[in-house]
Amino acid sequence: MHKPTVHQLIIDKLRIDLDIAERAAQTAYETATHEENIAENKYDTLGLEASYLAAGQARRVEEIKLSLSLCQNLTLRPYDERRGIEVGALLGLEDEKGREQWLFLAPDAAGLKVDLVGQLITVITPRSPLGKSLLGKFEGDEVEILVAGARQQFAVTEVV
């Protein structure tokens, strides 16, 4: 796993998501302000509904811009065996059933997924239960989180 490549894939994906969100926001705005959508009576709510959608799309654009900015400004450092896992770490986890997954601990953009030569990598943040429990851990450590009342255990198999 090459951490700078994964980092760039995340930034590229956020840029694509931002472009899509900006176009959706513009379309929603145009729909909301189009003269054909002016209410003719109190039951005609198409314009109002379109304005709610436009506002939601505009908020989504701002969220993605923030995520993109935070990820772009992230300074990647090599894994420090004395400090443990920090924001910017790329790590492999294995659950108690032996299933492996790769995670990138980022300042934002939780849930984003990128593919590096067939390997899916999921972005998590320190605000998530798993991200919070991974901070300061080392290769070979185990972490345990509570999800919907069920305990889940993971072993840190590799940190980049």
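The structure under discussion appears in the preceding block.
Residues numbered from 1 in each chain as written. Predicted model: local features only at pLDDT ≥ 70, side-chain atom pairs only at ≥ 80, totals over all residues. Heavy atoms only, no water.

Visitor: How would you explain the overall build of the protein if you had to name every residue and give the values?
Guide: Broken down by element type, the protein carries three helices and six strands. Counting helices and strands in the order they occur from the N terminus, the protein gives α-α-β-β-β-β-α-β-β. By the compact-globule yardstick of 15 Å for 160 residues, the protein is too spread out, its C-alpha radius of gyration being 20 Å. Projected onto its principal axes, the C-alpha coordinates of the protein cover approximately 65 × 35 × 25 Å. Out of the 160 residues in the protein, the part that is buried amounts to 36%. Once local pairs closer than 6 in sequence are excluded, the contacts in the protein between residues at least 24 apart make up 55%. Element-wise, carbon and sulfur atoms account for 52% of the exposed surface of the protein, whose accessible area totals about 9700 Å². (Helix = DSSP H or I, 4+ residues; strand = E, 2+ residues; numbered from the N terminus. Rg over C-alpha atoms; globule rule 2.2 N^0.38 Å. Buried < 20%, exposed > 50% of the residue type's maximum accessible area, 1.4 Å probe, protein only. Contact = heavy atoms within 4.5 Å. Areas by Shrake-Rupley, 256 points an atom, 1.4 Å probe, with all protein chains shown as cover.)

Visitor: Requested: an account of the nonpolar core, with residues and values cited.
Guide: Within the largest apolar cluster, 22 residues are counted, with the highest numbers of intra-cluster contacts made by Val6, Ile10, Leu14, Cys71, Phe104, Leu112 and Ile121. Where this core is concerned, the elements lending two or more residues are helix H1 (3-33), helix H2 (46-72), strand E2 (100-105), strand E3 (113-116) and strand E4 (119-124). Element by element, the count of residues in this core is highest for H1, at seven residues. Those residues in contact with Ile121 that lie beyond four places of it in its chain are Met1, Val6, Leu90, Trp102, Leu103, Phe104, Leu112, Lys113, Val114 and Leu116. (Core = buried A, V, L, I, M, F, W, Y, C linked by side-chain atoms within 4.5 Å.)

Visitor: Break down the pairing of strand E6 (residues 150-159) for me, citing the residues and quoting the values.
Guide: Sheet topology note: the strand E1 (residues 90-95)/E6 ladder contains five bridges and is antiparallel. Counterpart to Asp95 in the pairing with E6 is Phe154. Across six bridges, strand E5 (residues 142-147) lies against E6 in antiparallel orientation. The partner of Val143 across the bridge, within E6, is Phe154. In this structure, the hairpin formed by E5 and E6 is closed by a connection of two residues, where Ala148 is found at a positive phi of approximately 50 degrees. (Pairing = 2+ DSSP bridges.)

Visitor: So what about the sheet that holds E4? Which residues, and what values?
Guide: In spatial order, the strands read E3-E4-E2-E1-E6-E5; together these six strands make up an open sheet with mixed pairing. Taken across any chain shown, the strands that pair with only one partner, and hence form the sheet edges, are E3 and E5. For this sheet, the mean inter-axis angle between neighbouring strands, taken without regard to orientation, is 40 degrees. In the packing of H1 onto the sheet, contacts are made with E1, E2, E3 and E4, and the angle to E3 comes to roughly 135 degrees. (Axes fitted to C-alpha atoms, helices over the stretch in contact; angles between N-to-C directions.)

Visitor: Would you mind going over the side chain of Ser67 in detail, with residue names and values included?
Guide: Along the polypeptide, Ser67 turns up in helix H2. You can call Ser67 buried: its relative accessible area is 8%. For Ser67, the contacting residues outside a window of four places in its chain are Leu14, Asp108 and Ala109.

Visitor: Give me the side chain of Asp108: which residues, what numbers.
Guide: Position of Asp108 among the secondary structure elements: in the loop between E2 and E3. Among the polar contacts listed, one links the side chain of Asp108 to the side chain of Arg127, at a separation of 3.0 Å. Leaving out residues up to four positions away in the same chain, Asp108 has contacts with Leu66, Ser67, Leu70, Cys71, Val123, Thr125 and Arg127. (Polar contact = N/O pair within 3.5 Å; in protein donor to acceptor, adjacent residues only side chain to side chain.)

Visitor: Which residues make up the pattern of salt bridges, and what are the values?
Guide: For the structure shown, the criterion picks out 11 salt bridges. Where Arg83 meets Glu86, a salt bridge forms, and the shortest distance between an N and an O atom there is 2.5 Å. Assessed through its relative accessible area of 52%, Arg83 is described here as exposed. Two residues, Asp108 and Arg127, come together in a salt bridge whose shortest N-O distance is 3.0 Å. (Salt bridge = Lys/Arg side-chain N within 4 Å of Asp/Glu carboxyl O.)

Visitor: Kindly report on H1, identifying the contributing residues and their values.
Guide: With 31 residues, H1 extends 45 Å from end C-alpha to end C-alpha; this agrees with the ideal 45 Å at 1.5 Å per step. Every buried residue of H1 is listed here: Lys3, Val6, His7, Ile10, Ile11, Leu14, Asp17, Leu18, Ala21, Ala25 and Ala28. (Expected span 1.5 Å × (residues − 1).)

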